[in-house]
Protein chains: 2
Amino acid sequence: MSNIRDIAKLAHVSVTTVSRVLNNHPYVKEEKRKAVWEAVEQLDYQQNINAVHLSKGKTSVIGVVLPYINHPYFSRLLEGIADAAEGDGYKLMVIQTNYEAEKEIEALDMLRLKQVDGVIFTSRNSPWQVLKKYRTYGPVVACENKLDDEISTIFIDHYQAFQLGMNVLMEKGHRKIGYCISRREGSNSQKRHEAYCDQLEKLGEPMRDEWIFEKCLHMKDGARVLQEWTKHEDAPTALVVTNDLVASGLLLEAEKLGITVPERLAIVGFDDQPLAKALQITTIRLPLHEIGAEAFRQAKSDQVVHKALPFQLIERKTV
Amino acid sequence: MSNIRDIAKLAHVSVTTVSRVLNNHPYVKEEKRKAVWEAVEQLDYQQNINAVHLSKGKTSVIGVVLPYINHPYFSRLLEGIADAAEGDGYKLMVIQTNYEAEKEIEALDMLRLKQVDGVIFTSRNSPWQVLKKYRTYGPVVACENKLDDEISTIFIDHYQAFQLGMNVLMEKGHRKIGYCISRREGSNSQKRHEAYCDQLEKLGEPMRDEWIFEKCLHMKDGARVLQEWTKHEDAPTALVVTNDLVASGLLLEAEKLGITVPERLAIVGFDDQPLAKALQITTIRLPLHEIGAEAFRQAKSDQVVHKALPFQLIERKTV
């Protein structure tokens, strides 16, 4: 803080007085206050925002935890958060975690150390209890289907959305239905799995683990699944797929190999990304931008809120 | 700072003394210092990182300016920045600007107010002089093809890259070549335009303004251009296209309308996104992740550096 010392010297006051004046502390004599501001002007001293944050106990910064920055699902969420934050004069600290628990703790520590006013988890790996532990330091928001007294959540009902995807396929006569997922352990993924099992039971079909394709997040994962699918002796006739990116990978690989969609393999995606529209993929539209905007509103409020947003089937040509 | 007041009360010292102790100010009597730390422990007071930043004059945060968060070109750059920042214990403040000059100034003000140690402009709207004006407050980095004594830059040679795109088409016998661009005023866009004009001159072809398609950034822009293209009486037989997203939009719309690519319309994209691979689009691969990583290294250093990275033609099926 050499600048503060310079001001103090020039204004013939103590460093403490300068600090008090810059932070609008009440008990400073008017003549000293004036001397400090004159010195500030003379030195063209730029206020250090960290002093402001320290004095206010607030930063107008929200932390955003994302496993992957370069994925359209998370980019769309982040855009929703950013658009809402901008309108409110907030800034965003973005933490890419690759689902590493240590990185998630780093994000929570920003809350503890008052570097941010709230933290949004677009997805997480750490136990729920860890998020709750940090709740005393400020708002923690999770984009998942949970009701908890301490943590605000914003979500779509992943059970119902997956059920809708299954029903669309079942109405077309499909009984041999598999699905693709990114991580089975995610709480949203678990809801999807529950819906899968329940719908299979309604069909009277057994649960076949080999029809659940894991680690499906990117386009190339769709291509890989299609390759695996061709090798199955008893392959599913339809797949409910993680997201539109994976669905696109499946569809394009199927086209390459001359496998007709939906005749030989029906596909339902999630999200309704521009790519799904361009490729005419039937998908469940998720309001990702709105989820992001609501997550921001929850993160700047101390009130704990739970909100579910609606989803919608977009029928195109892959079912 | 109610916590500091609590500590002061418990330690029987002034708030100023607490602040001095927490900030490692030298002139505090040992007994007072001890009393403060005991009170801190007793109250389990969590240090405010803003005090640390204030005292160090450093934040280990880099500001990243992006016009659009939800676009794979910028997502890939941001991923490169984030991957490098993580490895170095830095955090990122992300500012989405929509190319509004005011938002860009806000980002620069974070540097002036010491909220960040450096600022990266992945793209900009403000005049270069504005960036230079803020250079006294810390490192400013631009991802563009410029050499300047004060501002570090990281880029590919957009003139040469565009020239390569044109040459690929010219080698196949194309003479009627148009191009798509996002904003003509961007400095990288200007380099592309120069290369365009020079190559047309080599061909002895006139520059036709109606063959330059502006505002092309997203997939839907590609579909729009294809529609416009069909209406041209004298349409180009080949296009060098902003990025792979726009190229994909063009290609998919052409497929829908039964326009064969490359026979009736040849397309060269930029970036080499996964989508370009999946759709077999010929493209110029740009090292976006590496550009991001280098931008981060430049942003945390006071040294002014200029670096050009190599690009590469990826031949697929659209030329």
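Please read all numbers here as calculations on a predicted model, not as lab measurements.

Caption draft 1: Structural view of unusual backbone geometry. All names here are of chain A. Geometrically, the link from V261 to P262 is a cis peptide bond, its omega value of 10 degrees lying close to zero. Note that P262 resides in the loop between α11 (244–256) and β9 (266–271). Unlike most non-glycine residues, Q280 shows phi in positive territory, near 60 degrees. The topology assignment puts Q280 in the loop between α12 (274–278) and β10 (283–285). On the basis of relative accessibility, which here comes to 24%, the residue Q280 falls in the partly exposed class.

Caption draft 2: Inspection of the relation of the copies chain A and chain B at higher detail. Superposing chain A onto chain B takes a rotation of 179 degrees combined with a translation of 0.1 Å along the rotation axis, leaving an RMSD of 0.6 Å. Interpreted geometrically, this transformation is the action of a two-fold axis. Of the interface residues in chain A, 96% have counterparts in chain B that sit at the interface too, so the contact is made through matching surfaces.

Caption draft 3: Representation of the side chain of Q163 of chain B in the model. Tracing the backbone shows Q163 of chain B in helix α8 (residues 158–171). Within the structure, the side chain of Q163 of chain B is placed 3.4 Å from the side chain of Q199 of chain B, a separation counted as a polar contact.

Caption draft 4: Region of the structure containing the environment of D271 of chain A. All names here are of chain A. Along the chain, the position of D271 falls in strand β9. Along the backbone, D271 and N243 are 28 residues apart, and their C-alpha atoms lie at a distance of 6.0 Å. Residues in contact with D271, not counting those within four places in the same chain, are Y73, N243, D244, T283, I284, R285, L286 and L288.

Caption draft 5: Geometry of the packing of aromatic side chains. Within this structure, the stated rule accounts for 16 aromatic pairs over all chains. Here Y73 of chain A and F74 of chain A contribute two aromatic rings whose centre-to-centre distance is 4.9 Å and whose plane-to-plane angle is 85 degrees, an arrangement assigned as edge-to-face. Note on accessibility: Y73 of chain A and F74 of chain A belong to one class, buried. Each ring, one from Y134 of chain B and one from Y137 of chain B, has its centre 5.9 Å from the other, and the planes form 55 degrees; the classification is tilted. Residue class for Y134 of chain B comes out buried when judged on its relative accessible area of 8%. In textbook terms, an aromatic cluster arises when at least three aromatic residues are bridged by ring pairs, as seen for F162, Y179, Y196 and F270 of chain A. The side chain of K146 of chain A reaches across the aromatic face of W128 of chain A, ending 5.1 Å from its centre.

The rules behind each value
Residues numbered from 1 in each chain as written. Chains lettered and ligands numbered in written order. Predicted model: local features only at pLDDT ≥ 70, side-chain atom pairs only at ≥ 80, totals over all residues. Heavy atoms only, no water. Helix = DSSP H or I, 4+ residues; strand = E, 2+ residues; numbered from the N terminus. Buried < 20%, exposed > 50% of the residue type's maximum accessible area, 1.4 Å probe, protein only. Least-squares fit on C-alpha atoms with pLDDT ≥ 70 in both. Contact = heavy atoms within 4.5 Å. Polar contact = N/O pair within 3.5 Å; in protein donor to acceptor, adjacent residues only side chain to side chain. Phe/Tyr/Trp six-rings, centres within 6.5 Å; stacked < 30°, edge-to-face > 60°. Lys NZ or Arg CZ within 6 Å of the ring centre and 35° of its normal.

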